[in-house]
Amino acid sequence: MRFLPTSGMLVLLCTFVAFSQTAPTISRQAEKLSLQEAITLALQNNPDILRAQKEIDAAGGRILQAGRIPNPDLSVVFNEAPTGLQLGRAGERDVTLSQTIEFPGKRALRMDAAESGRTVSEMSLVRTKVIVTARTKQAYYKALLAGEVVRSLEFTIGLFEDFQKVVTDRYQTQASSYLDVIRTRVELTRLRNDLSEAQRDETLRLAELNILLGRPSEVTMALSDSLKYEPLLLSEDEAVSSYAAQSYSLRISEQRVRQSQSLQQLARRSYFPDLAMSAALQRRPDQANPATTTTYFGLGLGLSIPLWFWQGPRGEIQEAQAVAEATAINLDATARQVRQNIAAAFRTAHVAEQQLIVFDTSLLADVEDELRSGIAAYQNNQIDALNVFDIYRTYRATKLEHSRALFNYTFALADLEAAKEILE
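Overview of the structure.

### Some points on the overall build of the protein chain
From N to C terminus, the protein chain includes nine helices and six strands. Looking at the protein chain as a whole, 38% of its 424 residues qualify as buried. In the protein chain, the share of contacts with a sequence separation of at least 24, taken over all contacts with a separation of at least 6, comes to 81%. Total accessible area on the protein chain is roughly 24100 Å²; 55% of this is exposed by carbon and sulfur atoms.

See the structure below:
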(Lines give C-alpha, C1' and ligand atoms only; values in the text may rest on other atoms or scores of the structure.)
Protein backbone atom coordinates (compact mmCIF):
# COMPACT_ATOMS: atom_id res chain seq x y z
CA MET A 1 0.00 0.00 0.00
CA ARG A 2 1.46 3.37 -1.04
CA PHE A 3 0.53 6.88 0.06
CA LEU A 4 -0.17 9.40 -2.65
CA PRO A 5 2.00 12.51 -2.32
CA THR A 6 0.00 15.47 -1.06
CA SER A 7 1.00 19.11 -0.73
CA GLY A 8 0.29 19.06 3.02
CA MET A 9 2.57 16.08 3.56
CA LEU A 10 5.33 17.65 1.48
CA VAL A 11 5.11 20.83 3.54
CA LEU A 12 5.34 18.70 6.67
CA LEU A 13 8.45 16.95 5.35
CA CYS A 14 10.12 20.24 4.44
CA THR A 15 9.29 21.66 7.88
CA PHE A 16 10.90 18.64 9.53
CA VAL A 17 14.08 19.07 7.54
CA ALA A 18 14.26 22.77 8.41
CA PHE A 19 13.76 22.06 12.12
CA SER A 20 16.39 19.32 12.05
CA GLN A 21 18.93 21.78 10.68
CA THR A 22 18.19 24.69 13.03
CA ALA A 23 16.73 23.13 16.25
CA PRO A 24 15.99 26.46 18.00
CA THR A 25 16.06 26.73 21.77
CA ILE A 26 12.60 26.86 23.36
CA SER A 27 12.26 28.84 26.58
CA ARG A 28 9.20 29.12 28.76
CA GLN A 29 9.52 32.66 30.11
CA ALA A 30 12.64 31.55 31.93
CA GLU A 31 15.81 33.38 32.86
CA LYS A 32 18.50 33.02 30.21
CA LEU A 33 21.77 31.71 31.57
CA SER A 34 25.02 31.35 29.64
CA LEU A 35 27.81 29.00 30.64
CA GLN A 36 30.06 31.87 31.73
CA GLU A 37 27.25 33.37 33.84
CA ALA A 38 26.72 29.96 35.46
CA ILE A 39 30.43 29.72 36.29
CA THR A 40 30.41 33.24 37.75
CA LEU A 41 27.42 32.41 39.97
CA ALA A 42 29.03 29.18 41.11
CA LEU A 43 32.28 30.93 42.05
CA GLN A 44 30.29 33.51 44.03
CA ASN A 45 27.81 31.24 45.81
CA ASN A 46 29.19 27.71 45.96
CA PRO A 47 29.49 26.67 49.63
CA ASP A 48 32.81 24.86 49.08
CA ILE A 49 34.35 28.11 47.84
CA LEU A 50 32.82 30.16 50.66
CA ARG A 51 34.24 27.72 53.22
CA ALA A 52 37.66 27.90 51.57
CA GLN A 53 37.57 31.71 51.78
CA LYS A 54 36.81 31.54 55.50
CA GLU A 55 39.71 29.15 55.99
CA ILE A 56 42.04 31.88 54.67
CA ASP A 57 40.70 34.25 57.35
CA ALA A 58 41.27 31.56 59.98
CA ALA A 59 44.84 31.05 58.72
CA GLY A 60 45.46 34.79 59.09
CA GLY A 61 44.35 34.53 62.70
CA ARG A 62 46.80 31.68 63.26
CA ILE A 63 49.62 33.88 61.94
CA LEU A 64 48.77 36.53 64.54
CA GLN A 65 48.76 33.88 67.26
CA ALA A 66 52.11 32.48 66.08
CA GLY A 67 53.74 35.92 66.32
CA ARG A 68 52.48 36.68 69.78
CA ILE A 69 54.95 37.86 72.43
CA PRO A 70 54.54 36.42 75.95
CA ASN A 71 52.71 38.76 78.30
CA PRO A 72 54.80 40.44 80.99
CA ASP A 73 54.20 39.52 84.64
CA LEU A 74 53.58 42.21 87.25
CA SER A 75 53.84 41.33 90.91
CA VAL A 76 53.47 43.36 94.12
CA VAL A 77 54.90 41.90 97.35
CA PHE A 78 54.45 43.22 100.91
CA ASN A 79 56.77 41.79 103.56
CA GLU A 80 56.86 42.32 107.32
CA ALA A 81 53.23 43.49 107.30
CA PRO A 82 51.53 43.55 110.69
CA THR A 83 48.51 41.41 111.39
CA GLY A 84 45.16 42.69 110.28
CA LEU A 85 46.33 43.17 106.67
CA GLN A 86 47.59 46.69 107.32
CA LEU A 87 49.66 46.70 104.13
CA GLY A 88 50.51 50.40 104.41
CA ARG A 89 52.62 49.60 107.48
CA ALA A 90 54.55 46.76 105.79
CA GLY A 91 58.27 46.90 106.34
CA GLU A 92 59.21 45.91 102.77
CA ARG A 93 57.34 46.63 99.54
CA ASP A 94 58.43 45.22 96.14
CA VAL A 95 56.92 45.97 92.70
CA THR A 96 58.40 43.67 90.02
CA LEU A 97 57.82 43.61 86.24
CA SER A 98 59.24 40.57 84.39
CA GLN A 99 59.25 39.67 80.69
CA THR A 100 60.00 36.27 79.11
CA ILE A 101 62.08 36.47 75.92
CA GLU A 102 62.08 33.38 73.69
CA PHE A 103 65.30 32.05 72.28
CA PRO A 104 66.05 33.84 68.98
CA GLY A 105 64.41 32.15 65.98
CA LYS A 106 61.51 30.40 67.74
CA ARG A 107 58.96 33.12 67.02
CA ALA A 108 60.15 33.52 63.41
CA LEU A 109 59.88 29.78 62.77
CA ARG A 110 56.35 29.66 64.22
CA MET A 111 55.34 32.54 61.97
CA ASP A 112 56.93 30.86 58.94
CA ALA A 113 54.93 27.72 59.61
CA ALA A 114 51.73 29.76 60.00
CA GLU A 115 52.48 31.71 56.81
CA SER A 116 52.87 28.41 54.99
CA GLY A 117 49.48 27.41 56.36
CA ARG A 118 47.87 30.53 54.93
CA THR A 119 49.56 29.89 51.58
CA VAL A 120 48.08 26.38 51.64
CA SER A 121 44.62 27.86 52.34
CA GLU A 122 44.98 30.32 49.45
CA MET A 123 46.03 27.52 47.10
CA SER A 124 43.16 25.37 48.35
CA LEU A 125 40.74 28.16 47.41
CA VAL A 126 42.11 28.27 43.85
CA ARG A 127 42.01 24.48 43.64
CA THR A 128 38.39 24.47 44.78
CA LYS A 129 37.52 27.10 42.16
CA VAL A 130 39.04 24.93 39.43
CA ILE A 131 37.00 21.92 40.56
CA VAL A 132 33.78 23.91 40.95
CA THR A 133 34.26 25.42 37.48
CA ALA A 134 34.64 21.97 35.95
CA ARG A 135 31.61 20.64 37.84
CA THR A 136 29.56 23.63 36.72
CA LYS A 137 30.49 23.00 33.10
CA GLN A 138 29.56 19.34 33.40
CA ALA A 139 26.23 20.14 35.06
CA TYR A 140 25.51 22.74 32.37
CA TYR A 141 26.35 20.24 29.61
CA LYS A 142 24.07 17.62 31.19
CA ALA A 143 21.18 20.08 31.26
CA LEU A 144 21.88 21.06 27.63
CA LEU A 145 21.75 17.45 26.48
CA ALA A 146 18.57 16.78 28.47
CA GLY A 147 16.92 19.81 26.87
CA GLU A 148 17.98 18.67 23.40
CA VAL A 149 16.35 15.27 24.00
CA VAL A 150 13.11 16.94 25.12
CA ARG A 151 12.93 19.27 22.12
CA SER A 152 13.65 16.44 19.71
CA LEU A 153 10.88 14.28 21.19
CA GLU A 154 8.39 17.16 21.26
CA PHE A 155 8.88 17.87 17.59
CA THR A 156 8.77 14.20 16.65
CA ILE A 157 5.49 13.80 18.55
CA GLY A 158 4.01 16.76 16.71
CA LEU A 159 5.12 15.23 13.43
CA PHE A 160 3.53 11.88 14.23
CA GLU A 161 0.31 13.51 15.42
CA ASP A 162 -0.01 15.12 11.99
CA PHE A 163 0.87 11.84 10.38
CA GLN A 164 -1.80 10.07 12.46
CA LYS A 165 -4.45 12.37 11.01
CA VAL A 166 -3.30 11.51 7.49
CA VAL A 167 -3.33 7.77 8.25
CA THR A 168 -6.79 8.01 9.86
CA ASP A 169 -8.24 9.91 6.91
CA ARG A 170 -6.80 7.40 4.48
CA TYR A 171 -8.14 4.51 6.51
CA GLN A 172 -11.63 6.01 6.50
CA THR A 173 -11.42 6.17 2.72
CA GLN A 174 -10.03 2.60 2.69
CA ALA A 175 -6.81 3.86 1.13
CA SER A 176 -4.80 2.54 4.11
CA SER A 177 -4.94 -0.50 6.36
CA TYR A 178 -5.91 -0.51 10.03
CA LEU A 179 -2.42 -1.82 10.77
CA ASP A 180 -1.01 1.58 9.79
CA VAL A 181 -3.35 3.23 12.30
CA ILE A 182 -2.23 0.85 15.08
CA ARG A 183 1.42 1.41 14.25
CA THR A 184 1.00 5.17 14.50
CA ARG A 185 -0.79 4.94 17.86
CA VAL A 186 1.86 2.64 19.29
CA GLU A 187 4.61 4.93 18.07
CA LEU A 188 2.89 7.98 19.61
CA THR A 189 2.43 6.19 22.94
CA ARG A 190 6.08 5.21 23.02
CA LEU A 191 7.23 8.71 22.15
CA ARG A 192 5.02 10.29 24.84
CA ASN A 193 6.43 7.93 27.45
CA ASP A 194 9.92 8.82 26.31
CA LEU A 195 9.02 12.53 26.48
CA SER A 196 7.74 12.20 30.06
CA GLU A 197 10.99 10.57 31.15
CA ALA A 198 13.06 13.15 29.24
CA GLN A 199 11.18 16.06 30.86
CA ARG A 200 11.78 14.61 34.32
CA ASP A 201 15.45 14.21 33.50
CA GLU A 202 15.70 17.81 32.25
CA THR A 203 14.01 19.12 35.41
CA LEU A 204 16.42 17.10 37.54
CA ARG A 205 19.47 18.35 35.62
CA LEU A 206 18.38 21.99 35.90
CA ALA A 207 17.74 21.55 39.63
CA GLU A 208 21.20 20.04 40.10
CA LEU A 209 22.70 22.99 38.24
CA ASN A 210 20.80 25.47 40.42
CA ILE A 211 22.02 23.80 43.60
CA LEU A 212 25.60 23.94 42.32
CA LEU A 213 25.10 27.67 41.65
CA GLY A 214 23.88 28.21 45.22
CA ARG A 215 20.29 28.97 44.13
CA PRO A 216 16.94 27.33 44.97
CA SER A 217 16.34 24.27 42.81
CA GLU A 218 12.96 25.59 41.61
CA VAL A 219 14.41 28.67 39.86
CA THR A 220 13.52 28.39 36.16
CA MET A 221 16.11 29.14 33.51
CA ALA A 222 16.82 28.67 29.82
CA LEU A 223 20.37 27.75 28.87
CA SER A 224 21.58 30.10 26.14
CA ASP A 225 24.83 28.32 25.17
CA SER A 226 25.16 25.12 23.20
CA LEU A 227 27.53 22.19 23.01
CA LYS A 228 30.57 23.13 20.95
CA TYR A 229 33.48 21.14 19.56
CA GLU A 230 36.97 22.37 20.44
CA PRO A 231 39.72 20.09 19.11
CA LEU A 232 42.14 18.50 21.54
CA LEU A 233 45.44 19.84 20.24
CA LEU A 234 47.85 18.43 22.84
CA SER A 235 49.42 15.00 22.86
CA GLU A 236 49.12 12.87 25.99
CA ASP A 237 52.66 13.66 27.17
CA GLU A 238 52.14 17.38 26.54
CA ALA A 239 48.82 17.33 28.38
CA VAL A 240 50.30 15.53 31.39
CA SER A 241 53.26 17.91 31.56
CA SER A 242 51.16 21.06 31.05
CA TYR A 243 48.32 20.24 33.43
CA ALA A 244 50.64 18.84 36.12
CA ALA A 245 52.56 22.13 36.10
CA GLN A 246 49.25 23.91 36.81
CA SER A 247 48.20 21.57 39.61
CA TYR A 248 47.46 23.36 42.87
CA SER A 249 47.13 20.01 44.61
CA LEU A 250 50.81 19.41 43.85
CA ARG A 251 51.76 22.92 44.98
CA ILE A 252 49.86 22.42 48.23
CA SER A 253 51.80 19.22 48.92
CA GLU A 254 55.07 21.04 48.24
CA GLN A 255 54.07 23.88 50.56
CA ARG A 256 53.19 21.44 53.32
CA VAL A 257 56.66 19.93 53.03
CA ARG A 258 58.14 23.40 53.61
CA GLN A 259 55.77 23.96 56.51
CA SER A 260 56.78 20.68 58.15
CA GLN A 261 60.45 21.63 57.76
CA SER A 262 59.84 24.90 59.64
CA LEU A 263 58.04 23.01 62.40
CA GLN A 264 60.90 20.53 62.58
CA GLN A 265 63.42 23.35 63.05
CA LEU A 266 61.14 24.88 65.69
CA ALA A 267 61.04 21.58 67.56
CA ARG A 268 64.84 21.47 67.64
CA ARG A 269 64.88 24.96 69.17
CA SER A 270 63.01 23.58 72.19
CA TYR A 271 66.42 22.39 73.49
CA PHE A 272 67.51 26.03 73.80
CA PRO A 273 66.58 28.02 76.92
CA ASP A 274 64.33 31.05 77.04
CA LEU A 275 65.38 34.20 78.88
CA ALA A 276 63.49 36.17 81.51
CA MET A 277 64.29 39.79 82.37
CA SER A 278 62.79 41.69 85.29
CA ALA A 279 62.90 45.15 86.87
CA ALA A 280 61.84 45.89 90.44
CA LEU A 281 61.21 48.82 92.76
CA GLN A 282 62.02 47.91 96.35
CA ARG A 283 61.20 49.91 99.44
CA ARG A 284 63.22 48.98 102.55
CA PRO A 285 63.25 50.50 106.07
CA ASP A 286 66.35 52.56 106.91
CA GLN A 287 68.50 50.64 109.36
CA ALA A 288 69.58 53.80 111.13
CA ASN A 289 66.07 55.18 111.32
CA PRO A 290 63.44 52.41 111.01
CA ALA A 291 60.68 55.04 110.75
CA THR A 292 61.90 56.05 107.32
CA THR A 293 62.24 53.92 104.13
CA THR A 294 64.66 53.89 101.22
CA THR A 295 63.69 53.03 97.62
CA TYR A 296 65.95 50.79 95.54
CA PHE A 297 65.84 49.80 91.84
CA GLY A 298 66.72 46.21 90.92
CA LEU A 299 67.29 44.24 87.72
CA GLY A 300 66.96 40.49 87.27
CA LEU A 301 67.95 38.01 84.60
CA GLY A 302 66.53 34.48 84.43
CA LEU A 303 67.13 31.45 82.24
CA SER A 304 64.88 28.45 81.68
CA ILE A 305 66.74 25.16 81.99
CA PRO A 306 65.55 22.35 79.63
CA LEU A 307 66.47 19.85 82.30
CA TRP A 308 64.00 17.14 81.34
CA PHE A 309 65.06 17.21 77.68
CA TRP A 310 64.28 13.51 77.10
CA GLN A 311 60.55 14.15 77.56
CA GLY A 312 59.02 17.31 76.06
CA PRO A 313 61.73 18.48 73.60
CA ARG A 314 62.63 14.98 72.47
CA GLY A 315 58.98 14.13 71.88
CA GLU A 316 58.40 17.33 69.89
CA ILE A 317 61.37 16.58 67.64
CA GLN A 318 60.24 13.00 67.10
CA GLU A 319 56.73 14.11 66.18
CA ALA A 320 57.94 16.89 63.86
CA GLN A 321 60.34 14.54 62.08
CA ALA A 322 57.61 11.95 61.52
CA VAL A 323 55.26 14.63 60.13
CA ALA A 324 57.99 15.91 57.80
CA GLU A 325 58.65 12.42 56.46
CA ALA A 326 54.91 11.83 56.01
CA THR A 327 54.48 15.05 54.02
CA ALA A 328 57.41 14.06 51.78
CA ILE A 329 55.76 10.68 51.14
CA ASN A 330 52.47 12.43 50.42
CA LEU A 331 54.19 14.75 47.93
CA ASP A 332 55.50 11.79 45.92
CA ALA A 333 52.10 10.07 46.04
CA THR A 334 50.30 13.25 44.98
CA ALA A 335 52.64 13.77 42.03
CA ARG A 336 51.99 10.22 40.81
CA GLN A 337 48.24 10.51 41.37
CA VAL A 338 47.97 13.84 39.56
CA ARG A 339 49.86 12.60 36.52
CA GLN A 340 47.85 9.38 36.45
CA ASN A 341 44.55 11.27 36.68
CA ILE A 342 45.53 13.61 33.86
CA ALA A 343 46.62 10.74 31.62
CA ALA A 344 43.40 8.80 32.23
CA ALA A 345 41.23 11.88 31.62
CA PHE A 346 43.16 12.65 28.43
CA ARG A 347 42.61 9.15 27.07
CA THR A 348 38.89 9.39 27.79
CA ALA A 349 38.68 12.74 26.01
CA HIS A 350 40.69 11.41 23.07
CA VAL A 351 38.37 8.42 22.62
CA ALA A 352 35.31 10.70 22.84
CA GLU A 353 36.82 13.01 20.24
CA GLN A 354 37.44 10.13 17.84
CA GLN A 355 33.82 9.02 18.22
CA LEU A 356 32.65 12.57 17.53
CA ILE A 357 34.84 12.78 14.43
CA VAL A 358 33.17 9.63 13.08
CA PHE A 359 29.80 11.41 13.27
CA ASP A 360 31.13 14.60 11.71
CA THR A 361 33.00 12.95 8.84
CA SER A 362 30.63 10.17 7.78
CA LEU A 363 27.48 9.30 9.74
CA LEU A 364 25.76 12.69 9.63
CA ALA A 365 26.43 13.09 5.93
CA ASP A 366 25.24 9.54 5.20
CA VAL A 367 21.91 9.92 7.00
CA GLU A 368 21.31 13.32 5.42
CA ASP A 369 21.84 11.77 1.98
CA GLU A 370 19.47 8.96 2.91
CA LEU A 371 16.87 11.48 4.04
CA ARG A 372 17.05 13.42 0.79
CA SER A 373 16.84 10.19 -1.21
CA GLY A 374 13.83 9.06 0.83
CA ILE A 375 11.95 12.30 0.23
CA ALA A 376 12.65 12.04 -3.49
CA ALA A 377 11.50 8.41 -3.54
CA TYR A 378 8.31 9.31 -1.68
CA GLN A 379 7.55 12.09 -4.15
CA ASN A 380 7.96 9.56 -6.97
CA ASN A 381 5.67 7.02 -5.23
CA GLN A 382 8.56 4.57 -4.86
CA ILE A 383 8.16 4.14 -1.08
CA ASP A 384 5.26 4.66 1.32
CA ALA A 385 5.06 7.11 4.22
CA LEU A 386 5.96 4.52 6.85
CA ASN A 387 9.28 3.96 5.18
CA VAL A 388 9.81 7.71 5.00
CA PHE A 389 9.20 8.06 8.73
CA ASP A 390 11.55 5.17 9.42
CA ILE A 391 14.19 7.22 7.62
CA TYR A 392 13.24 10.28 9.69
CA ARG A 393 13.54 8.30 12.91
CA THR A 394 16.98 7.11 11.86
CA TYR A 395 17.98 10.66 11.00
CA ARG A 396 16.72 12.09 14.29
CA ALA A 397 18.32 9.23 16.25
CA THR A 398 21.63 9.90 14.51
CA LYS A 399 21.40 13.61 15.28
CA LEU A 400 20.65 12.82 18.91
CA GLU A 401 23.55 10.38 19.13
CA HIS A 402 25.75 13.08 17.63
CA SER A 403 24.61 15.41 20.43
CA ARG A 404 25.47 12.68 22.96
CA ALA A 405 28.90 12.22 21.40
CA LEU A 406 29.48 15.98 21.55
CA PHE A 407 28.31 15.98 25.17
CA ASN A 408 30.65 13.10 26.05
CA TYR A 409 33.56 14.99 24.55
CA THR A 410 32.85 18.35 26.22
CA PHE A 411 32.18 16.54 29.51
CA ALA A 412 35.52 14.75 29.18
CA LEU A 413 37.30 18.05 28.48
CA ALA A 414 35.86 19.54 31.68
CA ASP A 415 36.96 16.41 33.53
CA LEU A 416 40.44 16.84 32.07
CA GLU A 417 40.61 20.40 33.43
CA ALA A 418 39.80 19.14 36.93
CA ALA A 419 41.91 15.96 36.77
CA LYS A 420 45.00 17.83 38.02
CA GLU A 421 43.28 18.65 41.31
CA ILE A 422 42.59 16.23 44.15
CA LEU A 423 40.01 17.11 46.78
CA GLU A 424 40.99 16.03 50.28
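Next comes the rest of the account.
### Regarding the sheet that holds strand 6 (residues 293-303)
On the basis of which strands lie adjacent, the open sheet formed by four strands has the order 2-3-5-6 and antiparallel pairing. On the outer flanks of this sheet lie strand 2 (73-79) and strand 6, each paired with one strand and no other. Taking each pair of neighbouring strands and ignoring which way they run, the sheet shows an average axis angle of 15°. By the bridge criterion, nine bridges tie strand 3 (residues 92-101) to strand 5 (residues 275-285) in an arrangement that is antiparallel.

### Section: the nonpolar core
Grouped together as the largest cluster of nonpolar side chains are 45 residues, with contacts concentrated most on Y140, Y141, L209, L223, L232, I342 and L416. Mapped by element, the contributors of at least two residues to this core are helix 2 (35-45), helix 3 (47-66), helix 4 (106-172), helix 5 (178-212), strand 4 (221-223), helix 6 (236-245), helix 8 (312-379) and helix 9 (385-418). With nine residues, helix 8 is the single largest residue contributor to this core. Those residues in contact with L209, other than ones at most four positions away along the chain, are T136, A139, Y140, M221 and L223. Counting 19 residues, the second-largest nonpolar core is a separate cluster that includes V150, L153, I157 and L371.

### Regarding the pattern of salt bridges
In the structure shown here, the tally under the stated rule is 14 salt bridges. Ionic pairing is found between D274 and K106, a salt bridge with its closest N-O pair at 3.1 Å. Of this pair, D274 sits in the loop between helix 7 (248-268) and strand 5 while K106 sits in helix 4; the two residues are 168 residues apart in sequence, bridging distant segments of the chain. Measuring nitrogen to oxygen at the nearest pair gives 2.6 Å for the salt bridge that ties R404 to E401.

### With respect to the packing of aromatic side chains
Taken as a whole, this structure holds three aromatic pairs when the rule is applied. With centroids separated by 5.4 Å and ring planes inclined at 45°, the aromatic side chains of Y229 and Y409 adopt a geometry described as tilted. Placement of the pair is Y229 in the loop between strand 4 and helix 6 and Y409 in helix 9, with a sequence separation of 180 residues.

### Quick notes on the side chain of S34
Mapped onto the elements, S34 comes out in the loop between strand 1 (31-33) and helix 2. On the basis of relative accessible area, S34 is assigned to the buried category, the value being 15%. If we ignore the near neighbours within four places in the chain, the residues touching S34 are Y140, S224 and D225.

### Concerning the pairing of strand 3
Two strands pair when backbone bridges link them, and strand 2 and strand 3 are joined in this way by seven bridges, in the antiparallel orientation. The partner of N79 across the bridge, within strand 3, is E92.

### Brief notes about the packing of helix 2 against helix 3
Between helix 2 and helix 3, the shortest axis-to-axis distance is 6 Å and the interhelical angle comes to 45°. By the angle between their axes, helix 2 is oblique relative to helix 3. For the pair helix 2 and helix 3, contact is made by A42, L43, Q44 and N45 and by P47, I49 and L50, respectively.

### Let's talk about the environment of M123
Turning to its location among the elements, M123 is positioned in helix 4. On a C-alpha basis, the gap between M123 and Y248 in space is 6.1 Å, while along the polypeptide they are 125 residues apart. Those residues within four positions of M123 in sequence are excluded, and the remaining contacts are Y248, R251 and I252.

### What about the environment of A418?
Along the chain, A418 falls in helix 9. For A418, a relative accessible area of 15% corresponds to the buried category. Residues A418 and V132 lie 286 residues apart in sequence; the distance between their C-alpha atoms is 8.7 Å.

### Notes on helix 3
Over its 20 residues, helix 3 runs 29 Å from end to end, which matches the ideal 28 Å to within 8%, given 1.5 Å per residue. Residues of helix 3 that are buried include every one of I49, A52, I56, A59, G60, I63 and A66, and no others. Along the long axis of helix 3, the arc covered by the buried residues comes to 125°, so they all point the same way. Opposite the packed face of helix 3, turned more than 90 degrees from it, sit the exposed residues R51, K54, D57 and L64. Measuring from the backbone nitrogen of D48 back to the side-chain oxygen at the start of helix 3 gives 3.0 Å, which picks out N46 as the cap.

Definitions and cut-offs
Residues numbered from 1 in each chain as written. Predicted model: local features only at pLDDT ≥ 70, side-chain atom pairs only at ≥ 80, totals over all residues. Heavy atoms only, no water. Helix = DSSP H or I, 4+ residues; strand = E, 2+ residues; numbered from the N terminus. Buried < 20%, exposed > 50% of the residue type's maximum accessible area, 1.4 Å probe, protein only. Contact = heavy atoms within 4.5 Å. Areas by Shrake-Rupley, 256 points an atom, 1.4 Å probe, with all protein chains shown as cover. Pairing = 2+ DSSP bridges. Axes fitted to C-alpha atoms, helices over the stretch in contact; angles between N-to-C directions. Core = buried A, V, L, I, M, F, W, Y, C linked by side-chain atoms within 4.5 Å. Salt bridge = Lys/Arg side-chain N within 4 Å of Asp/Glu carboxyl O. Phe/Tyr/Trp six-rings, centres within 6.5 Å; stacked < 30°, edge-to-face > 60°. Parallel < 35°, antiparallel > 145°, perpendicular 65-115°, else oblique. Expected span 1.5 Å × (residues − 1). Arc of directions from axis to C-beta. Polar contact = N/O pair within 3.5 Å; in protein donor to acceptor, adjacent residues only side chain to side chain.

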